[in-house]
Amino acid sequence: MCPLCILVMVLCLQFGGPCNAIHVVELWNLQVEFGEPAILPCNGSAYLEEEGTVQWEAMGEDVAILRGGELREGDRFMGRIRLPSEEKVREGDWSVVLQSAMFSDLDIYECILEGRKTLSTVWLTVTAPQVERSLVVPVGDTAILSCYIEISRSESQNELQVWWTKDGNIIITGQTRGLVTDDTVFLPEDFSRLSILCSTKEKCNLHINPTSMRDNGEYHCLYKAKDSDEPRLGFPESITLTVLETIPTDETTTENPLDPVLVHLEDPTQPITVMTESQPMEAFEEVVTSFPDEVMTESQPVEAFEEVVTSFPDEVMTESQPVEAIKEWVTSFPDEALFEGTEETSLQWDTLPWIRIGLIAGVLLVTAMVLCILGALRKI
């Protein structure tokens, strides 16, 4: 055997013919999910000196033909083949990309140079995609139920029949013509709500628009490629649809805590409106302008309020004690004597100066609240 090996090596070095006849065929096992692109590899970098046609075949059927940098697609793969960049093709990358893989693409693909030298063999399988078997939608929304159909290349889609059942009862049937279906709906109330739409020849979805509460149930998709075939279940075998009823919420108006609060004194003709934080400067200006003999600017808030408070002869309220001052005004009224049993119990309630007391209490209340607001705004 050794002399024979030496003889073959000498012939290869001298003529090159026997050596060129020996080459390695790349074998690939490729698996992709339905709808995903499939890359069929073919490395021809060792054959760049051999000018010729590169042809992809699937069991004798043309997939793609690359000649002189131009691509020609097979009839069944029209619009679905893509090549690498021109630079990679010149470097010998003769791979092709099969876009939107379908179940019927399952086959053995071969990359052949000049119709006689096989460079690559790819066994392609297409798996079913991940599909939710339980669908939940609000009432009134659109529900789309997916159905994937496995048909062979020899089966014509023009004879494909698809129908959907709900809880064992047929609700709609469709006869496909290309990607268009002639639908037959069984219930009159579903005429405008149910339809079968096919995005590819192997995917036909049920559309329910709008959904209603009676659409709750278990759905099945069945199909057959021709009349003589037995019905087959699509993928997934079943889908459970749950329609949720929306509960309307009561539109109740709530009181805005920043709205003005109206405070009434004993005299109903003397209302006082206490403003909230939403209008601090306006409230400040109202308090100041309510005393015609006093003028206060924003630069002197504390002095102006001291003047307002000290305008009452018998009481003094400082900036740091607005609440204590109010308490003192309230507790200074002679109604305390009613609980002590003194001689002042003979005073009659109707002789008290209620209007003056109410006005004083109201002014002090407004003064205290505005001081709090200015303190919160860090203006004092």
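Structure's up top.
The rules behind these values
- Residues numbered from 1 in each chain as written.
- Predicted model: local features only at pLDDT ≥ 70, side-chain atom pairs only at ≥ 80, totals over all residues.
- Heavy atoms only, no water.
- Helix = DSSP H or I, 4+ residues; strand = E, 2+ residues; numbered from the N terminus.
- Contact = heavy atoms within 4.5 Å.
- Salt bridge = Lys/Arg side-chain N within 4 Å of Asp/Glu carboxyl O.
- Buried < 20%, exposed > 50% of the residue type's maximum accessible area, 1.4 Å probe, protein only.
- Pairing = 2+ DSSP bridges.
- Core = buried A, V, L, I, M, F, W, Y, C linked by side-chain atoms within 4.5 Å.
- Phe/Tyr/Trp six-rings, centres within 6.5 Å; stacked < 30°, edge-to-face > 60°.
- Patch = residues over 30% accessible without salt bridge, like charges linked within 9 Å, V, L, I, M, F, W, Y side chains within 5 Å.
- Areas by Shrake-Rupley, 256 points an atom, 1.4 Å probe, with all protein chains shown as cover.
- Polar contact = N/O pair within 3.5 Å; in protein donor to acceptor, adjacent residues only side chain to side chain.

Student: Tell me about the environment of R82, and please be specific about residues and values.
Tutor: Summarising the element assignment, R82 is placed in strand 6 (residues 81-82). Along the chain, R82 and S95 lie 13 residues apart, while their C-alpha atoms are 9.0 Å from each other. Excluding residues within four positions of it along the chain, R82 makes contact with V96, V97 and Q99.

Student: Hey, could you go over the pattern of salt bridges for me, with residue numbers and the actual values?
Tutor: The tally for this structure, following the rule as stated, stands at eight salt bridges. Among the ionic pairs, R76 bridges to D105, the shortest N-O distance being 3.7 Å. In this pair, R76 sits in the loop between strand 5 (70-73) and strand 6 while D105 sits in the loop between strand 7 (96-98) and strand 8 (107-113), placing the two residues 29 residues apart along the sequence. Among the salt bridges present, the one from D190 reaches R214, with a minimum N-O distance of 3.1 Å. Of this pair, D190 sits in the loop between strand 14 (180-185) and strand 15 (194-200) while R214 sits in the loop between strand 16 (203-208) and strand 17 (217-224), placing them 24 residues apart in sequence. Taking relative accessible area as the criterion, R214 reaches 40% and is therefore assigned partly exposed. Sharing partners across several salt bridges, the network here consists of E61, R76, R80 and D105.

Student: I'd love a proper account of the pairing of strand 3 (residues 54-58), names of residues and values included.
Tutor: Looking along a regular strand, one sees the side chains alternate between the two faces of the sheet. Among the five residues in strand 3, five count as buried, and that is most of the element. Burial of strand 3 is two-sided: the residues V54, W56 and A58 facing one way and the residues Q55 and E57 facing the other way are all buried. The pairing of strand 3 with strand 4 (residues 61-67) spans five bridges and is antiparallel. From the neighbouring strand, W56 faces strand 4, where its bridge partner is A64. Where strand 3 hands over to strand 4, the hairpin turn is made up of two residues, of which M59 adopts a positive phi near 50°.

Student: So, the sheet that holds strand 6: which residues are in play, and what are the values?
Tutor: An order of 2-7-6 is seen for the three strands of this open sheet, with the pairing classed as antiparallel. Here the strands that pair on one side only, and so sit at the sheet edges, are strand 2 (38-40) and strand 6. Examined bridge by bridge, strand 2 and strand 7 share three bridges and lie antiparallel to one another. Counted as the bridge partner of I39 is V97 from strand 7.

Student: Explain the nonpolar core residue by residue, including any values.
Tutor: Ranked by internal contacts, the top residues of the largest apolar core, which has 30 residues, are W56, W94 and Y109. The greatest single-element share of this core, amounting to four residues, is contributed by strand 9 (residues 117-127). With 24 residues, the next largest nonpolar core counts I172, I196, C204 and Y219 among its residues.

Student: Residue-level account of the packing of aromatic side chains, with values.
Tutor: Taken as a whole and assessed by the stated rule, the structure comprises three aromatic pairs. A ring pair is formed by F34 and F103, whose centres lie 4.9 Å apart and whose planes are at 40°; its orientation type is tilted. Of this pair, F34 sits in the loop between strand 1 (26-33) and strand 2 while F103 sits in the loop between strand 7 and strand 8; the two residues are 69 residues apart in sequence, bridging distant segments of the chain. Like F103, F34 is buried. Judged by centre distance (5.1 Å) and plane angle (75°), the rings of F34 and Y148 are edge-to-face. With a gap of 114 residues between them, F34 in the loop between strand 1 and strand 2 and Y148 in the loop between strand 11 (143-145) and strand 12 (161-166) connect regions that are remote in the sequence. For the pair shown, F34 and Y148 are each scored as buried. Here a set of aromatic residues connected by ring pairs shows up, and it is made of F34, F103 and Y148.

Student: So what's going on with a nonpolar patch on the surface? Which residues, and what values?
Tutor: On the surface, I170, F186 and L187 cluster together into a nonpolar patch covering about 270 Å² of accessible area. Its relative accessible area of 46% is what places F186 among the partly exposed residues.

Student: Quick one: what's the story with the side chain of T211, residue by residue and with numbers?
Tutor: Relative to the elements of secondary structure, T211 occurs in the loop between strand 16 and strand 17. Residue classification places T211 among the buried residues on the basis of a relative accessible area of 5%. Among the polar contacts made by the side chain of T211, one reaches the main-chain carbonyl oxygen of P138 at a distance of 3.2 Å. For T211, the residues in contact, after removing those within four places along its chain, are V137, P138, V139, G140, D141, T142, A143, R193 and V243.

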